[in-house]
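Here are the chains, one letter per residue:
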Amino acid sequence: MFSANQTKFANDKAILNDIAEQRRELEKERVKFRDERNEYNKLIRQEARKESYVDLVRRVLAEYAPKTLEYSPTDTYTSDTDMVLVISDLHCGIEINHYLNKFNSDVLGDRFCTCLQKVVSIQQRHHSENITVLISEVISGLIHENLRCENNQNIIEQFLTVGEYLSNFLTELSKHFNQVNVLVMPGNHSRLSAKKEASLKGENIDNLLIPYLTAVLQNVSNIHCQKNNVDESIAMFNVRGCMAYAVHGDKDTPNNVVQNLTMQYGVCPKFVFMGHRHKNSMDTVYNTKVISAGCWSGVDNYAIDKRLNTRAETVLSVIDDNGLVCNYDIALN
């Protein structure tokens, strides 16, 4: 009996082990099925979001009614200076209302008017011939979670609003300068993905500005919108014979931008223009002037949490054949 029971126990144990192995295999299959189902649902959600995004773009564009631009040919100016204006960190679409700052789309329009009046006044002082306008980071976007709460427009509405402001602003400038040259440096707020790692190079709302402004301003003969041919994030141009670079500033610092760009492209610039740091400043790196421009929207809740506070401002540079004549701090509020 003892021998028979040992044999039976051994057989039962083998059966139990076989059942356990089968259960493990079934559990593996169940996990595989669950993962496949989750991946399939993820694809369905992505496709649905793409379709809803396309519908949103179609709806907003269909409802958009741009204002008619009034244009009259400019007078001819002759002098020995040109100007460079930086329009960076506009953050159109965000709504701010606290003790340090008030900002919305209407306030942004007022700040364009303020900037235009001051630029024209300075132009009359120097009688500058031409102006280069550097534009960067025009929308608030969605790179921070708190921006989703503070934004009062989706990104398509943000772009159309600021696009209309810019087209009217540039048209008015064209009446006071011989030539208006426009370049764009894409900013981090304007990328399509909230996560920097998930964003593909070139997927940036700012990149739509040049084709948009080119189409809207095609009848204004002295406005020239220039595409960045070497790198979409770096604007290269000449002003009064001086070589200049312009970047947004999220990938560089004032301390290393001259060295990095010179080593990368083999040309040492006379000027480098930047944004991103929300304050006007100038530094000299070797013989290159690094000029940083302020923020049009002013301080928001994200900046307050970082204990940062700057006024809404930008910078206008006056340049002659020998280099920088002077910088103007332009307060926008």
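Above this note sits the structure.
None of these values were measured; they are calculated from a predicted model. (Residues numbered from 1 in each chain as written. Predicted model: local features only at pLDDT ≥ 70, side-chain atom pairs only at ≥ 80, totals over all residues. Heavy atoms only, no water.)

Enquirer: Please set out the packing of aromatic side chains residue by residue, giving values where relevant.
Expert: Summed over all chains, the structure comprises seven aromatic pairs. Note on Y245 and Y265: the rings are 6.4 Å apart at their centroids and 40 degrees apart in plane angle, and the pair reads as tilted. Here Y265 lies in helix α6 (residues 257-265) and Y245 lies in strand β8 (residues 242-247), a separation of 20 residues in the sequence. Put simply, the rings of F112, Y165, F169 and W296 touch in pairs and so form one group of aromatic residues. (Phe/Tyr/Trp six-rings, centres within 6.5 Å; stacked < 30°, edge-to-face > 60°. Helix = DSSP H or I, 4+ residues; strand = E, 2+ residues; numbered from the N terminus.)

Enquirer: Which residues make up the pattern of salt bridges, and what values do they have?
Expert: Pairing of side chains with opposite charge becomes possible as their charged atoms draw close. The full count for this structure, using the stated rule, is nine salt bridges. The salt bridge involving E29 is made with K32; its shortest N-O contact spans 3.8 Å. Pair noted here: E29 and K32 are both in helix α1 (residues 2-63), with a separation of three residues, about one helical turn. The class of E29 is partly exposed, set by a relative accessible area of 44%. A residue is classified by how much of its surface remains accessible, and K32, at 47% relative accessible area, is partly exposed. (Salt bridge = Lys/Arg side-chain N within 4 Å of Asp/Glu carboxyl O. Buried < 20%, exposed > 50% of the residue type's maximum accessible area, 1.4 Å probe, protein only.)

Enquirer: Tell me about unusual backbone geometry, and please be specific about residues and values.
Expert: Positive phi values are uncommon outside glycine, yet D89 reaches one of about 60 degrees. If you trace the backbone, D89 turns up in the loop between β1 (81-88) and β2 (96-98). Within the chain, Y286 stands out as a residue other than glycine whose phi angle is a positive 55 degrees. Tracing the backbone shows Y286 in the loop between β10 (281-285) and β11 (288-292).

Enquirer: For the pairing of strand β7 (residues 234-239), give the residues involved together with the corresponding values.
Expert: The side chains of a regular strand alternate, residue by residue, between the two faces of the sheet. One ladder, built from six bridges, connects β7 with β8; its direction is antiparallel. Counted as the bridge partner of M236 is Y245 from β8. The loop that links β7 with its antiparallel partner β8 comprises two residues; one of these, R240, has a positive phi angle of about 55 degrees. (Pairing = 2+ DSSP bridges.)

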